[in-house]
Structures are given as C-alpha cells and as structure tokens.
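# Structure at a glance
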Amino acid sequence: MRHIIQISAFAALLFVPFAVQADDYIFANGFEVPSGGGATGTDFVNDSGASACYGSSGYGVPCPNAGFPGQDGDQGRDAEARQGILAKIGAGLDGFDFTKVDNLGAPLGPTASQWECVQDNVTGLLWERNVDKVSDARHYRHLYAWYEPALADLGVNPGSQGDTDLCNNSLGGAKCNTHNLLQHFNTIGLCGRHDWRLPTRSELESIRIHGDRYQRMDPDYFSPWGINTSSGSFSYWTSSRYAGSGYSVWAVNFSSTGTTHGDVPNRNFVRAVSGRSQ
C-alpha cells in the first residue's frame, strides 16, 4: 500500500495540499489513477505520437535512422506500435490505446459509430467526447468562460461568468462557463460518472499528437473537435493556472503543437475529464 497526497480540484489550482489519504492508487510520472497502465498494467504515461524520425532531409524519415540515433520516434510505445509488438486493450494511432464508451459507462468496440466518452487505457482517464449537435452543451464549437466561484472565497480571481450566447443557451438558461458546464455533466452523470472536471495542462497534452500529423488527436476517437469559429481561433481550457499572472490559465491548442495561456475573462473550448490526477 502506498501513501500519497491527494489534492482537491480547487486546492490543486492553488498548489495547497487538501488531504492525505492512503490508497492503492499507482503514482507515476504525474498521473495518479485508480485504473490505466495499458495492457501490461505497468505503463501509465502516453508517448508523444512522434512516430517518424529526423534525417538530413528533415522530419518524416522512417525510424530508426542510423545517422541520427536515439530519437523520440524510435523509443517508447510509439516505436513498439510501429514494430507491431505493442499490446493494447483497445486501439488507437501509434502508441495510444483508447476505448469508446457509451453514456452509461460501458465499453464499446473500436468500430462503434455512436459513443459519448473515450477511455484512455494508459493513463486511466476518461474523456468527454465533443459532438456535432448545436443544442448539446458538448458541441465542438461551443465556447465557455473559465469560472470557479469557490476561488473568490479564497481571495483568488474566480474568472468570468460569461453569457448564454457562447454555447447557444445549451445549458438551459445558465451562463456558458466551465463551472456550469461541469456541474451539468456531473448532474446528468455523463458516461456514468459524477466527478467531471477540467483537466490539468499535462493531462490534456497527454492525448495530443506531437508528431508531424495533420490531426492533433486520434480522429477515430475524438472527432469532432474545435479549432476555429467565425470569431477566431481558440484552445481548450485546463485547470492549470499560469504562474506569470493571477488572471491567466493555461490552454492547449489542437491546431498546432503549442500551448498558450489566456486571461480568465476569455473564452475557449472545453474537453472535460473524469478520474484521479495529482
């Protein structure tokens, strides 16, 4: 049995320990999860998705490249997948291992045409899937303001409440902000879960493909996702505060391999996550 520090979602924003609890959860490289580990049960961190290597002509050279050894594309889960020796519970591009999940939380096969969430079999995290239905709060182009009202009581900027137009009034009259969206998911029990939250920066980056692919997430599992709207280009909110400003939060962009930080009055997309994290 391992003894670990468990941190609440609010306290994590402030980097303040909330409680200490003894559990059997496995802690590895930034992820603390009650499931996951991949097919081997010991692999808890996703690879980068960089499945090719660099050569004298640039990126995209098949791995391994004897002239430029030791590259990212020739190591880890991605390399094992390319070699055909990586065991998976589900499926997915390169070293990723995903399973489609229905609204009750039951696993589906990789060819299922209807699914609501995506289970990451490596990190153990369950991800909300965006949808192409404008009346649904999960529509892939709906925008939300970053808002956590409990932070105001702690003297921390809680963000902005937004308005109902950002998400086409899909929250039944409630303003389009991250607090109301997560409350909605937890009330309806999306995919059988009631612990939906914003992901940390490292969690959200864990499902992004960092290699030279046009798609920045596995399209067979996460399509559709937001990149642009008529009013501009946006990223996905995280729960991770930007240390350089009390008014900014990190966001991850899925049209590039970059991250950015936005002031909390701004608006961005949301991909909620369920499961434990540090």
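You'll find the structure just up there.
Residues numbered from 1 in each chain as written. Predicted model: local features only at pLDDT ≥ 70, side-chain atom pairs only at ≥ 80, totals over all residues. Heavy atoms only, no water.

## Quick notes on the sheet that holds strand β7 (residues 98–101)
Spelled out, the test is: If DSSP finds at least two bridges between two strands, the strands pair. Secondary structure is summarised from DSSP: a helix means a run of H or I of at least four residues, a strand means a run of E of at least two, and numbering begins at the N terminus for each.
The strand order across the open sheet built from 4 strands is β7-β8-β9-β17, with neighbouring strands paired in antiparallel fashion. Strands at the two margins of the open sheet, each flanked by one partner only, are β7 and β17 (273–274). Looking at chain direction, strand β9 (residues 126–128) and β17 are connected through 2 bridges and run antiparallel. Bridge pairing links Leu 126 to Ser 274 in β17.

## Looking at the pairing of strand β6 (residues 58–61)
Note: strand β5 (residues 53–55) against β6, 3 bridges, orientation antiparallel. Its bridge partner lying in β6, Gly 55 is registered against Gly 58. Between β5 and β6, which follow one another and run antiparallel, lie 2 residues.

## Section: unusual backbone geometry
Cis geometry is found at the peptide bond from Cys 63 to Pro 64, where omega equals -5 degrees. Tracing the backbone through its elements, the reader meets Pro 64 in the loop between β6 and α2 (76–83). Positive phi, close to 50 degrees, is recorded for Asp 94, a residue that is not glycine. On the secondary structure map, Asp 94 appears in the loop between α2 and β7. In this structure, Cys 191 is a non-glycine residue whose phi angle is positive, near 55 degrees. Relative to the assigned elements, Cys 191 resides in the loop between α3 (178–188) and α4 (201–205).

## A few points about the environment of Trp 237
For clarity, the cut-off: Polar contacts, as used here, are pairs of N or O atoms within 3.5 Å; protein pairs need one atom able to donate a hydrogen and one able to accept it. Residues neighboring in sequence count only if both atoms are side-chain atoms.
Summarising the element assignment, Trp 237 is placed in strand β13 (residues 236–241). C-alpha of Trp 237 to C-alpha of Trp 250: the two residues are 13 residues apart in sequence and 6.7 Å apart in space. Of note is the side chain of Trp 237, whose polar atom sits 2.7 Å from the backbone oxygen of Tyr 144.

## Notes on the packing of aromatic side chains
What counts is decided by this rule: A pair of Phe, Tyr and Trp rings is counted when the ring centres sit within 6.5 Å of each other, with Trp represented by its six-membered ring. The angle between the planes then sorts it: under 30 degrees is stacked, over 60 is edge-to-face, the rest tilted. Each residue is assigned to one of three classes by its accessible area relative to the maximum for its type, calculated with a 1.4 Å probe on protein chains only: buried under 20%, partly exposed between the two thresholds, exposed over 50%. Counted as over-ring charges are cases with an Arg CZ or a Lys NZ within 6 Å of the ring centre that also lie within 35 degrees of the ring normal.
Taken as a whole, this structure holds 8 aromatic pairs when the rule is applied. Seen in terms of ring centroids, Tyr 236 and Phe 254 are 5.4 Å apart; in terms of plane orientation they differ by 85 degrees. Their pairing is edge-to-face. Linking Tyr 236 in strand β13 with Phe 254 in the loop between β14 (248–252) and β15 (259–263), this pair joins segments that are 18 residues apart in sequence. One exposure class covers both Tyr 236 and Phe 254, and it is buried. Counting every residue linked through ring pairs, the aromatic cluster contains Phe 96, Phe 98, Tyr 221 and Phe 222. Above the face of the Trp 250 ring, Arg 201 is positioned so that its terminal group lies 3.9 Å from the ring centre.

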